[in-house]
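# Tertiary structure, described
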Amino acid sequence: MNIQSRRILGLLSSSKSDWIGLHGMRIAIAIIFLWIGGLKFAPYEADSITSFVANNPVMSLFYKHPDQYAQHLTREGELKPTERAWQTANDTYGFSRGLGTVQLMTGFMTLVGLVSRRWGLAGAALAFLTPFVTLSFLATTPEAWVPALGDPHHGFPYLSGAGRLIVKDCIMLGAALLTMSDAAKAYLRRTD
């Protein structure tokens, strides 16, 4: 190994690099939760999660008519007043706003973790728990898999766009675990 490679590896393995990486993860987690949580207040985003919520045995309890969702789906950016009225009556938007509020709180607490380990620990714990819910959609949501429409590549393991979006939460799980662990260590050092 040459000297230049050793220097680069030395920089990457330094405690300063760890500090930058962990704070970078906190900021990235906060951006994701703040952005997506804010979008939950827009009808198009609430409409786009309908199939996930309606097919989940626990979350579907928040909808009045989860069994009818497929008849009322719209594409992102598409405005159909009849479907919007159905989504309103189904409590799609109320649920989405509640979920958005939780996501915004998670993002803010994670971001505050840059200065307060206690709040950061709470935010990281919520961020860590979230992927367990979202990854469960792979098992409960038919739209997570490529449908059988003639192409031989359908069903498991062929993820649809929705499925690919969900599976990325594996990264969130790992990032949240690292930030939660870091916040817990710092909090315990401070209270000892």
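Look up: the structure comes first, before these words.
In short, a report on the structure. Residue positions within a chain follow its written sequence, with the count starting from 1. A pLDDT threshold of at least 70 governs which residues receive local features in this predicted model, and a stricter bar of 80 or more applies before side-chain atom pairs are shown or counted, although totals over entire chains, interfaces and linings include all residues. Excluding hydrogens and water, the side-chain values take into account all heavy atoms of the structure.

### Focus on unusual backbone geometry
This is how the line gets drawn: Going along the chain from the N terminus, every DSSP run of H or I of four or more residues is numbered as a helix, and every run of E of two or more is numbered as a strand.
Looking along the chain, the bond that leaves F156 and enters P157 is cis, with omega of 5°. Within the secondary structure layout, P157 lies in the loop between helix 7 (117-140) and helix 8 (161-167). Unlike most non-glycine residues, D91 shows phi in positive territory, near 70°. Inspection of the secondary structure assignment puts D91 in the loop between helix 5 (81-89) and helix 6 (92-112).

### What to know about helix 2 (residues 15-39)
Going by this rule: Take the residue count of a helix, subtract one, and multiply by 1.5 Å to get its expected span. The buried label goes to any residue with under 20% of its type's maximum accessible area, the exposed label to any with over 50%, and the partly exposed label to all in between, with areas taken from a 1.4 Å probe on protein chains only.
In a regular helix each residue adds 1.5 Å, so 25 residues correspond to 36 Å; helix 2 covers 36 Å between its end C-alpha atoms and thus fits that length. Those residues of helix 2 not exposed but buried are L22, H23, R26, I29, A30, F33 and G37.

### Brief notes about the nonpolar core
Generally speaking, a soluble globular protein has its nonpolar side chains buried in company with each other. Just so we agree on the cut-off: Within this scheme, the nonpolar core is defined by two criteria: the residues are buried Ala, Val, Leu, Ile, Met, Phe, Trp, Tyr or Cys, and they are joined through side-chain atoms within 4.5 Å. Any two residues whose heavy atoms approach within 4.5 Å are treated as being in contact.
Within the largest apolar cluster, 14 residues are counted, with the highest numbers of intra-cluster contacts made by I49, V53, Y63, F95 and I166. Secondary-structure elements contributing two or more residues to this core are helix 4 (50-55) and helix 7. At three residues, helix 4 tops the list of elements feeding residues into this core. Once residues lying within four places of it in the same chain are set aside, the contact partners of I166 are F52, T134, L135, F137, L138 and A144. With nine residues, the next largest nonpolar core counts A127, M172, A175 and A176 among its residues.

### Considerations on empty space enclosed by the protein
Note the cut-off: Residues are said to line a cavity or pocket when one of their atoms sits within 4 Å of a point; the points come from a 1 Å grid over protein atoms alone, cavities being sets where a 1.4 Å probe fits but cannot get out and pockets being open sets with protein on both sides within 12 Å along at least five of seven lines. Grid points are joined across faces, edges and corners, and a volume is the space filled by probe spheres set on the points.
Under the criterion given, the structure shown has one cavity of 30 Å³ or more. Quantified by volume, the largest cavity comes out at close to 30 Å³. Examining the composition of the lining of the largest cavity, we find that three residues originate from one element, helix 5, more than from any other.

### Some points on the packing of aromatic side chains
Definition in use: Within 6.5 Å between ring centres, the rings of Phe, Tyr and Trp (the latter by its six-membered ring) count as paired, and their orientation is classed by plane angle as stacked under 30 degrees, edge-to-face over 60, tilted in between.
Considering all chains together, one arrives at five aromatic pairs under this definition. Between Y63 and F95, the ring centres sit 6.0 Å apart and the planes meet at 85°, which makes this aromatic pair edge-to-face. Of this pair, Y63 sits in the loop between helix 4 and helix 5 while F95 sits in helix 6, and the two are 32 residues apart along the sequence. Grouped by ring-pair contacts, the aromatic residues F62, Y63 and F95 constitute a single cluster.

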